[in-house]
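A closer look at the structure
Each chain is listed here by its residues.
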Amino acid sequence: MKVTVFNGSPRGRKSNSHRIVEPLLEGAREVGAEAQEVFLIEKDVKQCLGCFCCWSATPGRCVLKDDMGELLELYLDSDCVGLATPVYNMYMTGLLKNFTDRFLPLATPHIRRSDDGTFYHEGRVRRFPRQFFIANSGFPGGHNFVVLESFYSVVKQMSPGNVLFELYRNCGEALSVPEEEHPELAARIAEFHEALRQTGRELVASGEVAEATVQKLHMELISDEEYMAGANLQWDAELGRAEA
Ligand SMILES: Cc1cc2nc3c(=O)[nH]c(=O)nc-3n(C[C@H](O)[C@H](O)[C@H](O)COP(=O)(O)O)c2cc1C
């Protein structure tokens, strides 16, 4: 099985998103998958021009010359694709949004109505990979995921069974706290990493992820109060350094 994750964090290899994706892909590899993470920040992906040439003049092909052709091939060649992003202004990063806008050549132009009354464009290809979604927020709590959760509820309605799981990881910046600074947090993160490895293993071995595993992924890493206090202290120190 081929598993590919597209990481939409501008921080790339230093991102909290990568700290989440890496253990998951390790688990996938453990049970024989070919697994890779693509850092979109390292790729040349231009913004969609909205010209619809990919629907008319050059059906299925974008007029822009950049890395997107190769990335779409990789996307379609994968059995399972993950999209990973930090929460930016309550949604995904521009980098990931830009990337997904460029999926337009994979759809056909005519508008269809489904049995449930919603409208859609048929796919141009016979097989789309199954998918999963990972978001991490800088805030504690869950309210910063509301827009993404709502977006995914529509995606799931439009393609039933295609989304394997969604991970909404709050307190995302806790993932980059050095182990020696907070051993208790480090132990929780190690548990979280194990749940991610388990997710990767299940995904490849059975093509599904158990509900219990998805629940584990949403475990508390640190209390909201402690996270908030730690983050505020760190900003005080940063601002102090900037003033000095
Ligand atoms: C421009 C910008 C907008 C952000 N907007 C939000 C937001 O709406 N809600 C939130 O919880 N965190 C927000 N954050 C914080 C990031 O989600 C957080 O730092 C995250 O852990 C970064 O993950 P990464 O290392 O994978 O990029 C924002 C950060 C930036 C730079």
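Our subject is the structure listed above.
Computed from a predicted model, the values in this text were never measured in an experiment. (Residues numbered from 1 in each chain as written. Predicted model: local features only at pLDDT ≥ 70, side-chain atom pairs only at ≥ 80, totals over all residues. Heavy atoms only, no water.)

Across its full length, the chain holds seven helices and seven strands. Ordered by position from N to C terminus, the α and β elements of the chain give β-α-β-α-β-α-β-β-β-α-β-α-α-α. The C-alpha radius of gyration of the chain comes to 19 Å, within 12% of the 18 Å expected for a compact globule of 244 residues. Its C-alpha atoms give the chain principal-axis dimensions of about 60 × 45 × 35 Å. Counting every position in the chain, which comprises 244 residues, the buried fraction comes to 44%. (Helix = DSSP H or I, 4+ residues; strand = E, 2+ residues; numbered from the N terminus. Rg over C-alpha atoms; globule rule 2.2 N^0.38 Å. Buried < 20%, exposed > 50% of the residue type's maximum accessible area, 1.4 Å probe, protein only.)

Let us now look at the pairing of strand 7 (residues 163-169). For a regular strand, side chains alternate in direction, first toward one face of the sheet and then toward the other. Among the seven residues in strand 7, seven count as buried, and that is most of the element. Note that strand 6 (residues 130-136) and strand 7 share six bridges and pair parallel. Each residue of the ladder has a partner; that of alanine 135, found in strand 7, is tyrosine 168. Once the chain exits strand 6 it traverses helix 4 (residues 146-158) before rejoining the sheet at strand 7, and the crossover so formed is right-handed. (Pairing = 2+ DSSP bridges. Right-handed = clockwise from strand over helix to strand, strands pointing away.)

Time to look at the site of the ligand. Around the ligand, a shell composed of 17 residues is seen, among which Ser9, Ser17, Asn136, Asn144 and Glu173 lie nearest. Contact between the ligand and methionine 90: an oxygen atom at 2.9 Å from a main-chain N or O atom of the residue. A distance of 3.1 Å separates an oxygen atom of the ligand from a polar backbone atom of glycine 138. Look at the ligand: alone it shows 650 Å² of surface, and the protein chains cover 77% of it. (Near = heavy atom within 4 Å. Polar contact = N/O pair within 3.5 Å; in protein donor to acceptor, adjacent residues only side chain to side chain. Areas by Shrake-Rupley, 256 points an atom, 1.4 Å probe, with all protein chains shown as cover.)

For strand 6, the tally of buried residues reaches six of seven residues, placing the bulk of the element in the interior. Where strand 3 (residues 80-86) meets strand 6, seven bridges bridge the pair, whose relative direction is parallel. Bridging from a neighbouring strand, threonine 85 pairs with alanine 135 of strand 6.

For any two aromatic rings, the description comes down to two numbers: the centre-to-centre distance and the angle of the planes. Taken as a whole and judged by the stated rule, the model has ten aromatic pairs. Plain terms: the ring middles of phenylalanine 145 and tyrosine 168 are 5.4 Å apart, the flat faces sit at 50° to each other, and that makes the pair tilted. Of this pair, phenylalanine 145 sits in the loop between strand 6 and helix 4 while tyrosine 168 sits in strand 7, and the two are 23 residues apart along the sequence. Residues phenylalanine 145 and tyrosine 168 agree in their burial class; the two are buried. An aromatic cluster is present here, built from Tyr91, Phe133, Phe145, Phe151, Tyr152 and Tyr168 joined pairwise through their rings. (Phe/Tyr/Trp six-rings, centres within 6.5 Å; stacked < 30°, edge-to-face > 60°.)

Following the sequence through the fold, leucine 25 ends up in helix 1 (residues 16-30). Taking relative accessible area as the criterion, leucine 25 reaches 0% and is therefore assigned buried. Through-space distance from the C-alpha of leucine 25 to that of threonine 4 is 8.6 Å; in sequence the pair is 21 residues apart. Aside from chain neighbours lying at most four places away, what touches leucine 25 is Val3, Val5, Ala35, Gln36 and Glu37. (Contact = heavy atoms within 4.5 Å.)

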